[in-house]
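Each chain is listed here by its residues.
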Amino acid sequence: MTVLTATRAPAITRAPSRPRRLGVRAAQLLVGAVVLASALHLDIGWSDLAQLPADLRHYLGLMFAHPDWSRLPGAFYQTWVSVSMAWVGALLGVVLSTLLGIPAAAGVGPLWVRLPLRGVFAVLRAVPEVIIAIIILTVTGLTPFTGALALAIGGIGTHGKWTYETIEAVPPGTAEAVRAAGGNLLEVARWGLWTQASPELMSLALYRFEINVRTSAILGLIGVGGVGDLLTGYTQYRQWDAVGVLIIVIVVVTMVIDGISGAIRRRIMRGARTRDVDRSS
Amino acid sequence: MDTTAHGPEAATPASGPWPIRLTDVTVRYPNGVVGLRGVSLAIEAGEMVSVVGLSGSGKSTLVRTVNGLVPVTSGTVQVGPYRVDQLRGRRLRHVRGSIGMIFQGFNLADRASVYHNVLVGRFSHTPTWKTLLGLTSREDREMVMSALDSVGMLEKVWGRAGALSGGQKQRVAIARALSQEPQVMLADEPVASLDPPTAHAVMSDLRRVNTERDLTVLVNLHLMDLARQYTTRMIGLRDGELVYDGPASSATDADFEAIYGRPIQTRDTLGQ
């Protein structure tokens, strides 16, 4: 093989020398050092790990061998509270981030509007929903509404960013046509950009709802209600048979919602069929 | 708005075609590229003029100075009674309402219906809050329908624009421009994305617009046979400078070679 190519290919005399990748080497060393230092600092109890499979089997048995099905109605009710939290949070968050995200897109808002808005999105992205909930529960108390508000505010960070990025990715031609016909900025945004971007934005809004369903369960852990709240209580009182039922409900409901929402999103992105378009007049 | 003013009988003296006068127009883009260098030309009302040149010669810049999509760096642009280079904001948008434009890429909203796409042409005649909500008057609806009818696309009015073929999309784009009831029609390489038979059909539509609706038409082309066949006068651009201005049908191959700055090639013609 090598002999064959060596005889056939003409000898290359002036091949460029391989570039030195000092930066990459340094980065590799640095990452390695950080991993090593972290592992040493955490003082991992490797011997405990050996016990993990046995413990896991023990607790899984406690949870799922004889689930306490009498807890099912309560579990469903609290899951419904969590899903409501997710739904209201998604709706509020998407409406707010659409209103804020459109002027944050290049070509729509001027720089002095864009930059502060993007700053707000970046800060909100940096703060986890749980922290936001802890801050606003001082005002609204330990209620599911606090959870919904925290999801809405937390959602603005990512959804606002998705909104302006989606709008910026719309090909500029349609907007130019609206401008050429004498349209003003609002008309360009509404008919040049929104019509092109809205299916994608709707799909992202549904995706935000799916994310919120998962996050709302976590928010329950700080006591704003919903299935996470219930889970904390059962775990603290070591009612493993009830915990098992809760986990089953959470997993099933989350998967069902993901499935339905995903199917709707695929339908949206595939585009409406011709006869479905007319929603006017 | 005068509801009777569509169709061929729109050629009343009050709303007749507009002349276009460019005087020593230079366009320098913010990135330093010069689009036009000292171009002066006078297009009479109702003329059908082609602008010919290679890509990058300034054709697109030239037609966009006429409706102010590209601001001029120096020189004056007079369209009908308006000095476009001096207008901004609301008044510029008002003038644009009288200048229809079609594009190489059609520039329709593919995910909206044909109806909503054509309705865009009514924006400059409609209050903003109504257009934002998609509310229309009966006159607007009638104008949209008659514009679609005049390009033979009426039966597709409730279809999705994205589902149309290229030629159909350009027809809808022409209808969008016609629903403005314009005095001037601009076309930026309107047939460059179309196959030859469709290209001829769209060029025929443009010529019909010129004669039946009595509009001043300014169309960018890079194919010499289309310019000869469908337009009466030809402007040649090379590197942003006006290098030819004369009748289109009698322009010789040598004239085209001068405009292109190279010998004629087979890709400079469309054929039938």
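Refer to the structure above for everything that follows.
Note that residues are indexed from 1 along each chain, following the sequence as it is written. Each chain gets a letter, beginning with A, and each ligand a number, beginning with 1, in the order they are written. Local features in a predicted model are, by the rule used here, given only for residues with pLDDT of at least 70; side-chain atom pairs are given and counted only at 80 or more, and totals for whole chains, interfaces and linings are based on all residues. Think of the side-chain values as coming from all heavy atoms in the structure, minus any hydrogens and water.

**Q** Kindly report on the packing of aromatic side chains, identifying the contributing residues and their values.
**A** All names here are of chain A. The criterion for an aromatic pair is that two Phe, Tyr or Trp rings (for Trp, the six-membered ring) have centres within 6.5 Å, with stacked assigned to planes under 30 degrees apart, edge-to-face to planes over 60 apart and tilted to the rest. Inspection of every chain in the model, using the stated rule, returns eight aromatic pairs over all chains. Ring plane angle 65 degrees and centroid distance 4.5 Å describe the contact between Trp87 and Phe209, whose orientation is recorded as edge-to-face. Here Phe209 lies in helix H9 (residues 185–219) and Trp87 lies in helix H4 (residues 72–101), a separation of 122 residues in the sequence. Burial here depends on accessible area, computed with a 1.4 Å probe over protein chains only, as a share of the maximum for the residue type. Under 20% is buried, over 50% is exposed, and the range in between is partly exposed. Overall, Phe209 belongs to the buried group, its relative accessible area being 10%. Ring geometry for Trp162 versus Tyr207: centroids 5.9 Å apart, planes at 25 degrees, classification stacked. Taken together, the residues Trp162 in helix H7 (residues 144–168) and Tyr207 in helix H9 connect sequence positions 45 residues apart. Using a relative accessible area of 32% as the deciding quantity, one classes Tyr207 as partly exposed. We call a charge positioned over a ring when the NZ of a Lys or the CZ of an Arg lies within 6 Å of the ring centre and within 35 degrees of the ring normal. The side chain of Arg190 reaches across the aromatic face of Trp191, ending 4.0 Å from its centre. Helix and strand labels come from DSSP, where a helix needs a run of H or I of at least four residues and a strand needs a run of E of at least two; each type is numbered from the N terminus.

**Q** Run through the sheet that holds strand S1 (residues 20–28) of chain B, naming residues and quoting values.
**A** Residues and elements named next belong to chain B. Two strands are counted as paired when DSSP detects at least two bridges linking them. Spatial ordering of the open sheet is given by S2-S1-S4-S5, a layout of four strands whose pairing is antiparallel. Each edge of the sheet is formed by a strand with only one pairing partner; in this case those strands are strand S2 (34–43) and strand S5 (82–83). In this sheet, S2 lies alongside S1 in antiparallel orientation, the contact comprising six bridges. Looking at the pairing, Val25 lines up with Val39 of S2.

**Q** Tell me about the pairing of strand S3 (residues 48–52) of chain B, residues and numbers included.
**A** Residues and elements named next belong to chain B. Where burial is concerned, most of S3 is hidden: five out of the five residues are buried. Side chains of S3 alternate between two faces, with Met48, Ser50 and Val52 and Val49 and Val51 buried alike. Judged from the five bridges that link them, S3 and strand S8 (residues 216–221) form a sheet pairing that is parallel. When the bridges of S8 are listed, Val49 appears paired with Leu218.

**Q** Any details on the interface of chain B and chain A? Residues and values, ideally.
**A** Across the boundary between the two partners, chain B contributes 33 residues, which contact 25 residues of chain A. Once two parts are put together, the accessible area they lose, assessed with a 1.4 Å probe and summed over both, is termed the buried area. Taking both partners together, chain B and chain A bury about 2500 Å²; carbon and sulfur atoms supply 60% of that area. If you sort the residues of chain B by the area they bury against chain A, Arg111(B), Phe123(B) and Leu132(B) come out on top, with a joint share of 25%. One speaks of a salt bridge when a side-chain nitrogen belonging to Lys or Arg is within 4 Å of a carboxyl oxygen belonging to Asp or Glu. For the interface between chain B and chain A, the tally reads one salt bridge. Distance and chemistry together define a polar contact, namely a pair of N or O atoms within 3.5 Å, with one atom able to donate a hydrogen and the other to accept it when in protein, and with adjacent residues in sequence counting only for side-chain atoms on both sides. The tally of links from chain B across to chain A stands at five residue pairs in polar contact (both at pLDDT 80 or more). Contributions of two or more residues to the side of chain B that touches chain A are made by helix H2 (89–96), strand S6 (99–102), helix H3 (114–119) and helix H4 (128–133) of chain B. Per-element accounting of the side of chain B that touches chain A gives the leading share, three residues, to H4(B). Residue composition of the side of chain B that touches chain A, by class: 13 nonpolar, 13 polar and seven charged. In what follows, residue pairs with any heavy atoms lying within 4.5 Å of each other are defined as contacts. Throughout this entry, Asp, Glu, Lys and Arg are counted as charged residues, while Ala, Val, Leu, Ile, Met, Phe, Trp, Tyr, Cys and Pro are counted as nonpolar. The remaining residues, Gly among them, count as polar.

**Q** How would you explain the nonpolar core if you had to name every residue and give the values?
**A** All names here are of chain B. Definition used in this section: a nonpolar core is a set of buried Ala, Val, Leu, Ile, Met, Phe, Trp, Tyr and Cys residues joined via side-chain atoms within 4.5 Å. In terms of nonpolar packing, the biggest core is built from 48 residues, with Leu148, Met185 and Met234 touching the most fellow members. Take this core: its biggest share by element is six residues, from helix H6 (residues 166–178). Setting aside chain neighbours within four positions, we find Leu148 in contact with Val114, Val118, Met153, Leu154, Val157, Val172 and Ala175. Among the nonpolar cores identified, the runner-up in size contains 33 residues, and Val27, Val39, Val63 and Val95 belong to it.

**Q** Kindly report on the pairing of S6(B), identifying the contributing residues and their values.
**A** Residues and elements named next belong to chain B. Covered by surrounding structure in S6 are Ile99 and Met101 together with Gly100 and Ile102, the residues of both alternating faces. Inspection of the sheet shows S6 paired to strand S7 (residues 184–187) by four bridges, in the parallel sense. Each residue of the ladder has a partner; that of Ile99, found in S7, is Val184.

**Q** I'd love a proper account of H6(B), names of residues and values included.
**A** Here H6(B) spans 18 Å end to end across 13 residues, near enough to the 18 Å set by a 1.5 Å rise per residue. Across the 13 residues of H6(B), 10 count as buried, placing the element largely inside the fold. If you check which residues of H6(B) are buried, you get Gly167(B), Lys169(B), Gln170(B), Val172(B), Ala173(B), Ile174(B), Ala175(B), Arg176(B), Ala177(B) and Leu178(B). The elements touched by buried residues of H6(B) are helix H8 (173–180) of chain A together with S6, H3, helix H5 (138–150), S7 and helix H7 (196–212) of chain B. Residue count minus one, scaled by 1.5 Å, sets the expected span of a helix.

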